[in-house]
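Coordinates in review
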Amino acid sequence: MAITESRITSLTAASGARLSLADSPHPDFTDAELAELNAEFERLPASKVIQWAVDNFAPHLAMTASMTDAVLIDLATKVYPAIEVVFIDTGYHFPETLATVEEVRRHYGLNLRMMTVARQSEELWQADPENCCSAVKVGQLDRALAGKEAWMSGLRRGEADTRAAAPIVSRDLRGLVKINPIATWSAADVDAYIADHDIIVNPLTLQGYPSIGCMPCTSPVAEGEDARAGRWRGKDKTECGLHIA
Ligand code: SF4
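**A few points about the nonpolar core**
Counting residues in hydrophobic clusters, the biggest one holds 44 residues, and the most contacted among them are Val49, Ala53, Met63 and Ala76. Listed by contribution, the elements that provide at least two residues to this core are α1 (31–41), α2 (46–57), β3 (61–64), α3 (71–79), β4 (84–89), α4 (95–108), β6 (150–152) and β8 (177–179). Looking at this core, the element that brings in the most residues is α2, giving seven residues. Once residues within four sequence positions are removed from consideration, Met63 is found in contact with Leu72, Ala76, Ile83, Val85, Val86, Trp151, Met152 and Ser153. Counting eight residues, the second-largest nonpolar core is a separate cluster that includes Cys132, Cys133, Val136 and Cys217.

Written as structure tokens, this is what we have:
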């Protein structure tokens, strides 16, 4: 593997093939190359994965933020301070989440793109959360990613069984490269990074909400439950659709 300086220019895949990463400012990666990179990224720190994403896709690169904490924002802005951070304001966020957005924005001087939409009717999220998420969250993400080549999120495998096999890099349904730099991190890794780097957290994380979405669809979790067990509790729904690859 050819990682000798901060800018990652190439990797040697397990097959022996050389994957050139920065010959062109916006290289196209085949699905096979992304799969090889994914295997290589399993043993790289998150900052190196972010560096790869920045080297290959910036400025056509964005990252999403749920504002549960600012761990990925801290990691990403250390590599690329101007990275575009997308927050989808559904009209149903907790006041604590909106306060965290503002605190993080000020602290990092964030290049924040707020995707604000008209609040959906209560009937919709109660009767058909699938369509509510699709209209609000997925629709706004599609809009935010128009013109982009890649995007990053803080998705982690340990958050729920449904995320256990999440790749670090893959192609999403839009054809964009999707990067999850902290996919391999455990909850303990996140907690340690927060403590070591004095990272801003949403105060709800200290009140039993390890995963925070819209207010009507998020409840606290009990000891031993998955971090995402409080999302759409009692409904046959586990994902908002943002991370369906
Ligand atoms: S989480 Fe709930 S309120 Fe928010 S977009 Fe999805 S269904 Fe609607």
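**Examining the environment of Val138**
With respect to the helices and strands, Val138 occurs in helix α6 (residues 129–144). Take Val138: there are 15 C-beta atoms within 10 Å of it, and that puts it in the partly exposed class. The spatial distance from the C-alpha of Val138 to the C-alpha of Ile88 is 9.3 Å, given a sequence separation of 50 residues. The contacts of Val138, once residues within four sequence positions are left out, are Cys133, Gly241 and Leu242.

**Some thoughts on the site of the ligand**
Lining the immediate surroundings of the ligand are 14 residues, of which Pro129, Cys132, Cys133, Cys214 and Cys217 lie closest. Residue composition of the shell around the ligand, by class: 10 nonpolar, three polar and one charged.

**Remarks on the confidence of the model for the protein chain**
Put simply, the protein chain has an average pLDDT of 87, and 88% of its residues get 70 or more. Note that residues 20–25 has pLDDT below 50 and, in this model, 12 contacts with residues that lie over four places away or in other chains.

**Here's the deal with the environment of Arg157**
In this fold, Arg157 is placed in the loop between β6 and β7 (169–171). With 19 C-beta atoms counted inside 10 Å, the residue Arg157 sits in the partly exposed group. It is 9.8 Å that separates the C-alpha atoms of Arg157 and Ala187, two residues lying 30 residues apart in sequence. Not counting chain neighbours up to four residues away, the residues in contact with Arg157 comprise Arg163, Ala164, Ala166, Ala183 and Thr184.

**Quick word on the pairing of β3**
Every second residue of β3 is oriented toward a common face, with Leu61 and Met63 on one face and Ala62 and Thr64 on the other, all of them buried. The pairing of β3 with β6 spans three bridges and is classified as parallel. From the neighbouring strand, Leu61 faces β6, where its bridge partner is Ala150. Across three bridges, the pairing between β3 and β4 is parallel. Paired with Thr64 across the two strands is Val86, which belongs to β4. This β-α-β element, β3 to α3 to β4, shows right-handed connectivity.

**Let's talk about the sheet that holds β7**
Neighbouring strands of a sheet are bound in pairs by backbone hydrogen bonds; such pairs are parallel or else antiparallel. Strands sit in the order β5-β4-β3-β6-β8-β7 across an open sheet of six strands; the sheet is mixed. The open sheet terminates on both sides in strands that have one partner only, identified here as β5 (111–116) and β7. Taken over all neighbouring pairs, the strand axes of this sheet differ in orientation by 30 degrees on average, direction set aside. Where β7 lies against β8, three bridges are found, and the strand directions are antiparallel. Within β8, the residue paired with Val169 across the bridge is Ile179.

Calculation rules
Residues numbered from 1 in each chain as written. Predicted model: local features only at pLDDT ≥ 70, side-chain atom pairs only at ≥ 80, totals over all residues. Core = buried A, V, L, I, M, F, W, Y, C linked by C-beta atoms within 7 Å. Buried ≥ 20, exposed ≤ 12 C-beta atoms within 10 Å, placed from the backbone. Helix = DSSP H or I, 4+ residues; strand = E, 2+ residues; numbered from the N terminus. Contact = placed C-beta atoms within 7 Å. Near = placed C-beta within 6 Å. Nonpolar A, V, L, I, M, F, W, Y, C, P; charged D, E, K, R; others polar. pLDDT = per-residue confidence, 0-100. Pairing = 2+ DSSP bridges. Right-handed = clockwise from strand over helix to strand, strands pointing away. Axes fitted to C-alpha atoms, helices over the stretch in contact; angles between N-to-C directions.

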